[in-house]
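One-letter residues, chain by chain:
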Amino acid sequence: MLNTVTLENVKVNAFLVNGEWNIDRLCEVVPYEVVALILKIPLQLNVQDKILFKITANGKFSFKKLWELFRHKEEINHVYKALWHNTIPVSYSLLSWRCLKGYLPVDTRLWNKGFYIVSKCQCCANIESIFHIFINSTLAQKVWNHFSTLAGVDVSAFHGDLKDMLALWFTKGKGHIFNLLPILIIWYLWKARNESKHEGIKMDENQIIANIRNKMLQLISVYLISYKNFKHCNALADYLGINAAAANVEMGRVRIVYWVKPNFPFVKLNTDASVGCNSVGIGGIIRDHLGNPLDLFFGPLAACSVMSAELQSLSYGLERCLNLGFISVNIEVDATSVIYAISEDKDGNPHDFYTIRKIKSMMNDLSCVISHTYREGNACADWLAKYGAQSTTLQNLSVINLPSPLKGMIQLDKVGFPYIRHG
Ligand SMILES: [Zn+2]
């Protein structure tokens, strides 16, 4: 850091004589140890001085690096980490995070803010606190017990706060139902509390349990969770009508996947994205009811998340459909999260807000259906996206001169060639 205390307004060249350091002059101004350091600096009088930043490899100043140097980094907390995953709707994760942080407008929190109100919770005659609503009330306990019994999570000796409860549930397996379910419990407890407070609907544990179950079924129906998320959790899977036996077999399932031709007058749009360490690409293909290609595109993107890339690919594919006058479109993507993001009534992730809005508006102008296919059924778009990641500009490919691997894949899709999918 720069020292702002200076003796007088002197320039460095006042300490130079005949192109060398003037040691006597230096000694008058700075302590000897410092003089020794200065003397080590090789002089190059014919070049411009440069200010360099010590911490970065290239010497350029970086606020980020500076901040990293000063910040005190906490150890990663697994409870907080497990709150965020693409099987969990972001608004739900956010609510749980606010809960853990104490950022919810419950009565005890309003007291701390200086609002003196009489507190009475919505479920019994207690004081309303986050601990009461989510953990300690008889109603909350019934909900937790219902699901922990089903899931085989032992909470009998539990006497902690919400964070301890989550730590008891959460597992390291990403996307596991044990990481999702507690977050749904928090969401529906809070929803019931709000409906009671603002709409006078009495809190009812059976209703809350039913809501949680329905939400899980809904997530299953859009393939956001499947039997894979229920490893070693048969009772809970049975409760939702999922074949959990399959979840316990590591390499169990083999599935046959086809690309299916659209019915006339529909065309089919397949889009995909490829996100690697150094490159991101998008690609897509529009084919007619005979399986013949009508339009193909591929191109690079600036570094972004998988979700953003998938959405941008879909957005561009839809733009092509509109420009080319294809108004009846079957859309197929291999990312369920994309279908989920654009099917939700909400605006979605702020990151992709404008892309999602654009996709929805274009879909309104088309007669279209979007559905999920496995990666194998999306092979051509997958190939184009990878090709796009290696290219320099977004471009359309002439259907006449197709690269031979792609041509082969289109031919295979056309004859209904089955792809084998493991797991
Ligand atoms: Zn209560």
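Analysis parameters
- The residue count restarts for each chain, going from 1 along the sequence in the order it is written.
- Confidence filtering applies because this is a predicted model: local features only for residues at pLDDT of at least 70, side-chain atom pairs given and counted only at 80 or more, and all residues used for totals across whole chains, interfaces and linings.
- UniProt positions are given in the numbering used here, feature names are shortened, and annotations may be inferred rather than shown by experiment.
- Each helix is a run of DSSP H or I of at least 4 residues and each strand a run of E of at least 2, with the numbering of both proceeding from the N terminus.
- Two strands pair under a simple rule: DSSP has to find at least two bridges between them.
- Orientation is described by lines fitted to C-alpha atoms, with helices fitted over the stretch in contact, and by angles between N-to-C directions that extend from 0 to 180 degrees.
- Put simply, angles under 35 degrees are roughly parallel, angles over 145 are roughly antiparallel, angles from 65 to 115 are roughly perpendicular, and the rest are oblique.
- Two helices that cross are described as forming a left-handed crossing if the nearer one is turned anticlockwise from the farther one by less than a right angle, and a right-handed crossing if clockwise.
- Each residue is represented by a C-beta atom placed from its backbone, and any two residues with such atoms within 7 Å are regarded as in contact.
- Residue type decides the class: Asp, Glu, Lys and Arg count as charged, Ala, Val, Leu, Ile, Met, Phe, Trp, Tyr, Cys and Pro as nonpolar, and the leftover types, Gly among them, as polar.
- How far each domain reaches was decided by an automatic or database domain assignment.
- Backbone-placed C-beta atoms define the burial measure: a residue is buried with 20 or more other C-beta atoms within 10 Å of its own, exposed with 12 or fewer, and partly exposed in between.
- By definition, the arc is the one covered by directions from the helix axis to the C-beta atoms.
- Buried Ala, Val, Leu, Ile, Met, Phe, Trp, Tyr and Cys residues form a nonpolar core when they are connected through C-beta atoms within 7 Å.

### Looking at the UniProt feature "domain: Reverse transcriptase zinc-binding" (unreviewed entry) in the chain
Alright, step 1. Per the UniProt record, the feature "domain: Reverse transcriptase zinc-binding" (unreviewed entry) sits at residues 61-144.
Alright, step 2. The annotated region residues 61-144 carries 54% helix and 0% strand content, and the separation between its end C-alpha atoms amounts to 51 Å.

### Quick word on the pairing of strand β7 (residues 328-333)
Alright, step 1. Where strand β4 (residues 267-275) meets β7, 4 bridges bridge the pair, whose relative direction is parallel. If you follow Lys-268 over to β7, its bridge partner there is Asn-330.
Alright, step 2. In this sheet, strand β8 (residues 367-372) lies alongside β7 in parallel orientation, the contact comprising 6 bridges. Within the sheet, the bridge partner assigned to Asn-330 lies in β8 and is Val-369.

### Digging into the packing of helix α8 (residues 138-151) against helix α10 (residues 177-199)
Alright, step 1. At a closest axis distance of 11 Å, the pairing of α8 and α10 adopts a crossing angle of 160°. The pairing of α8 with α10 is recorded here as roughly antiparallel in orientation. Remark: the crossing between α8 and α10 carries right-handed chirality. Counting all contacts with α8, which are made through Ala-140, Val-143, Trp-144, Phe-147 and Ala-151, the residues of α10 involved are Phe-178, Leu-181, Ile-185 and Leu-189.
Alright, step 2. Taken together, the residues of the contact of α8 with α10 break down into 9 nonpolar, no polar and no charged.

### A few points about the domain arrangement of the chain
Note: interface size is frequently given as the accessible area lost on complex formation between the parts.
Alright, step 1. Taken as a whole, the chain is organised into domain 1 (12-70), domain 2 (78-248) and domain 3 (267-422).
Alright, step 2. Summarising the inter-unit geometry, the C-alpha centres of domain 2 and domain 3 are found 36 Å apart.
Alright, step 3. Contact residues are listed per partner, giving 5 residues for domain 2 and 7 residues for domain 3.

### Some words on helix α9 (residues 162-169)
Alright, step 1. Buried residues of α9: Leu-162, Met-165, Leu-166 and Trp-169, and no others. In an axial view of α9, the angular spread of the buried residues amounts to 95°, which keeps them on one side of the axis.
Alright, step 2. In the core, the buried residues of α9 are packed alongside α4 (78-82), α5 (90-101), α7 (130-136) and α10.

### Quick look at the nonpolar core
Alright, step 1. Of all hydrophobic cores here, the largest spans 50 residues; its most connected members are Phe-134, Ile-185, Ile-186 and Leu-189.
Alright, step 2. Residue assignment for this core shows that the elements contributing at least two residues are α4, α5, α7, α8, α9, α10, α11 (205-221) and α12 (234-239).
Alright, step 3. Here this core gets 13 residues from one element, more than from any other, and that element is α10.
Alright, step 4. Apart from residues no more than four positions distant in its own chain, Ile-185 is found in contact with Val-143, Trp-144, Phe-147 and Ile-212.
Alright, step 5. Listed in part, the 40 residues of the second largest apolar core include Leu-311, Ala-379, Leu-384 and Ala-385.

### Brief notes about the environment of Ser-398
Alright, step 1. Residue position: Ser-398 is located in the loop between β9 (395-397) and α18 (404-414).
Alright, step 2. For Ser-398, a count of 10 C-beta atoms within 10 Å corresponds to the exposed category.
Alright, step 3. For Ser-398 and Gln-411, which are 13 residues apart along the polypeptide, the C-alpha to C-alpha distance reads 16 Å.

### As for the sheet that holds β9
Alright, step 1. With mixed pairing, the 6 strands of this open sheet are ordered in space as β8-β7-β4-β5-β6-β9. In this open sheet, the two edge strands, each paired with only one partner strand, are β8 and β9. Pairwise comparison of adjacent strand axes, ignoring direction, gives a mean angle of 20° for this sheet.
Alright, step 2. Two strands pair when backbone bridges link them, and strand β6 (residues 293-301) and β9 are joined in this way by 3 bridges, in the antiparallel orientation.

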